[in-house]
Amino acid sequence: MTDPAKISYMFTLAPMEYSDSVKEIFEDYINVIKKNFGKLENKFIDLTRLDFSGNFFNSLKFGSLFALQLGFFFGELLLHAVLSALFGGLFILLYGAAVYGMKLYGYVTMGILLSIEYLFSFFKRIAFSCPNCQAKHKMPTYLCKCGRKHKKLMPSSAGLLKRECVCGEKLACSLFSGRHRLSGRWLCPDCDYEIGGPLHTDIPIPVVAGPNAGKTCFIISAIMELEKNSERKHDLLFEYHENPQLGDDYYDNKRQIERGNAPLKTRDSRLRYYQFYLTPRGKKIRNMVSLCDVAGEVFAHGDDVIQPGFKNAAAYLIIVDPLSIPALRADLDPAVVARTRFSTRPMDEVVNILIKTLELFGVKESQHAHIDIAVVFTKCDTPGIDDIIGNRAVMRTMQTSGIESRLEAQNAVCQSALMKYGEANFLNAIRSQFRSLQFFTTSALGESGQAFNPIGVDEPILWLVDKVSPDINLKAKWGKKI
Ligand SMILES: Nc1nc2c(ncn2[C@@H]2O[C@H](COP(=O)(O)OP(=O)(O)O)[C@@H](O)[C@H]2O)c(=O)[nH]1
Ligand SMILES: [Mg+2]
Ligand SMILES: [Zn+2]
Ligand SMILES: [Zn+2]
C-alpha cells in the first residue's frame, strides 16, 4: 500500500505532461501532413476533370498553371513534413531531456539522501523499540492530523524533502528538512502504539534473572538514582517516558520503595518496558533507554520465554542474587538467610534459557557476540556479602594484587567468588557468548533498617549506556574510555 501523499511534479506529473505533449505534437504533425496531402489530392482530382480537347493554347495555359500549383502544393507538403519534423523533434528532444534529466536528478538526490539517512541511523543507532509489541523498527509510522498514516515518511517519489498529504498538509519527510519536528503523532508500524518520536538512539536492555532475584527492585531504584543524580554528576539530562496504557508502575513503585516497602510484584509474563531519556546536555539526538523487566517465572519455566524483545537487545543486564548460590549461602549467617527472600533458580540455567531464547528467534551466536553484558550482584547489603564480593573485598584485591582500576578489581573479585562457589558453568556460558562482561555489586534497598539508600545501582546502567550510545562518554567516571 502506498502512502496517502499527492503525486509529485518532478517524478510523476512532469513526465505525464511530457508524454501528453509528445502525443499532441505527433497528432498535430499528422494533421498538417494530412491537410497538405489533401490539397495535393484535390488538385489531382481537378486535373482529371480538365478538358484538354479545345484550344491547344488554352489547354497549355491551364496545364502549366496546374503543374505550377501541383508543384507548389507538393513543395508545401515537403516543407511542412520536413520542418515540422525537425522543429517538433527538436522540441520533443529538449523537453524530454529537461523532464527526464530532472527525474534522474531527483533519483540521484533521493539515493544520496537515503544513503546519508541510512548511514546516520546506523551509526547513531536511530530506531525504536515498541513497549507494546516489542518490535524494533528504524522508522515509525507518521499519523497526520487528518488521521491518514504515512508508513514511510522518507525521501521518495512523493517528495524528496517535503511531501503533501492528500489532505493538503505539507510534511517534512527527511532528516534534513525537520521531519522529527512534525507535530503529528508517531506510531509503531506493527501495532499502532504511540511511541516517543522518530529520532532517538534506541537502547533496549532486558534485565534477566530468576524469580525473586531482585530485578524489579533493582530497575526501579536504578531509575530513581538516575533521575536524582545523572544531571548533577554526569551532565546527562534525564526524562522519564511513562507508558500508562501499558500499566507502567514506575511512579507507584517509586513511592513503595521510598516508604521502605518492596515493589509491587510483577505478574505479567510479557516484558515490561521502563523507558527514559538520558542525553548529554546540548545533544539533539536523545538516548531512549528501555529497561525490560519480566516476571521471574518466565525464567523458571524456559518454555514460556517467547518474548521477542530479547532478540532486539542493545545489551543485557543479568541480575545475580548472591543468596541463590547454595555454597555462598552456606557461608552466611543462617539467621540472615532465614529472614531474606532469595531466588532459588540456578544461575547457569537462567543464562541457558536466555541463550536458548535467542536461538529460538534465530539470533546467531555471531550477532550476540557483539553485545555487552553487565552482571549485577544485588542484595549486597546482606550481612557477610561485603566481605565476599562487596566493596571491602574489592579494596582488599586492589591493595594486594596491584590492580589499579576499580572495574577490573570488581571483575577479579566477582569471578573468583563465582569459581570458588561452584558457578563456573555460569561464568563460562556468559564469557563465551557475549562481547564484554563487567561485574557490579549493588544493593537496591541499601543498608537494612535504613530508609531508601541504594548502593551502586545506577552504575551498571551507565556502563551499558556508555558502551552502546555513540554520544555518551563517561571516561571521567570509569578512569578510562570503555
Ligand atoms: N536485602 C535486600 N533485599 C532485596 C534487594 N533487592 C530485592 N530484595 C528483596 O528481594 C525480593 C524480590 O525482589 P523483586 O525485585 O520483587 O524480585 P524479582 O522477582 O526479581 O523482580 C523482595 O522481597 C525484596 O525485598 C536488596 O538490594 N537488598
Ligand atoms: Mg519483578
Ligand atoms: Zn508495536
Ligand atoms: Zn493528512
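Quick notes on the rules
Residues numbered from 1 in each chain as written. Chains lettered and ligands numbered in written order. Predicted model: local features only at pLDDT ≥ 70, side-chain atom pairs only at ≥ 80, totals over all residues. Domains from an automatic or database assignment. Contact = placed C-beta atoms within 7 Å. Helix = DSSP H or I, 4+ residues; strand = E, 2+ residues; numbered from the N terminus. Nonpolar A, V, L, I, M, F, W, Y, C, P; charged D, E, K, R; others polar. Core = buried A, V, L, I, M, F, W, Y, C linked by C-beta atoms within 7 Å. Buried ≥ 20, exposed ≤ 12 C-beta atoms within 10 Å, placed from the backbone. Near = placed C-beta within 6 Å. Pairing = 2+ DSSP bridges. Axes fitted to C-alpha atoms, helices over the stretch in contact; angles between N-to-C directions.

Draft legend 1. Quick peek at the domain arrangement of the protein. The assigned domain composition of the protein is domain 1 (1–198) and domain 2 (200–478). The C-alpha centroid of domain 2 is placed 59 Å from the C-alpha centroid of domain 1. Each side of the interface is counted separately: domain 1 has 14 residues, and domain 2 has 18 residues. Of all the elements in the fold, those that place two or more residues in the side of domain 1 that touches domain 2 are helix 2 (56–124) and strand 1 (128–129). Residue classes in the side of domain 1 that touches domain 2 are distributed as 6 nonpolar, 5 polar and 3 charged.

Draft legend 2. Broad picture of the nonpolar core. Core analysis: the biggest nonpolar cluster contains 80 residues, and I205, L317, I318, I319 and V376 have the highest contact counts within it. The dominant element in this core, judged by the number of residues it contributes, is helix 3 (residues 215–234), at 8 residues. If you count residues domain by domain, this core takes at least three from each of domain 1 (1–198) and domain 2 (200–478). Once residues lying within four places of it in the same chain are set aside, the contact partners of I319 are V207, V208, A209, A213, G214, K215, F218, V376 and T378.

Draft legend 3. Local environment of the site of ligand 1. Taken together, 21 residues surround ligand 1, and among them G214, K215, T216, C217 and A444 come closest. Class assignment of the residues belonging to the shell around ligand 1 gives a composition of 8 nonpolar, 9 polar and 4 charged.

Draft legend 4. Here's a closer look at the sheet that holds strand 7 (residues 185–187). Strand order in the open sheet formed by 3 strands is 4-3-7, and the pairing between neighbours is antiparallel. Strands with a single pairing partner mark the edges of an open sheet, and in this sheet they are strand 4 (149–150) and strand 7. The sheet contact formed by strand 3 (residues 141–143) and strand 7 spans 3 bridges and is antiparallel. Paired with L143 across the two strands is R185, which belongs to strand 7.

Draft legend 5. How the structure looks around the sheet that holds strand 11 (residues 286–293). The strand order across the open sheet formed by 7 strands is 9-10-11-8-12-13-14, and the pairing between neighbours is mixed. With partners counted over all chains shown, the strands left at the sheet margins are strand 9 (236–241) and strand 14 (437–441), one partner each. Each neighbouring strand pair of the sheet contributes to a mean axis angle of 25°, computed without reference to strand direction. Bridge count for strand 10 (residues 272–280) against strand 11 is 6 bridges, and the pairing is antiparallel. For Y274, the partnering residue across the bridge sits in strand 11 and is L291. Packing against the sheet, helix 3 makes contact with strand 8 (200–208), strand 9, strand 10, strand 11, strand 12 (315–320) and strand 13 (372–377), and its axis sits at approximately 140° to strand 9.

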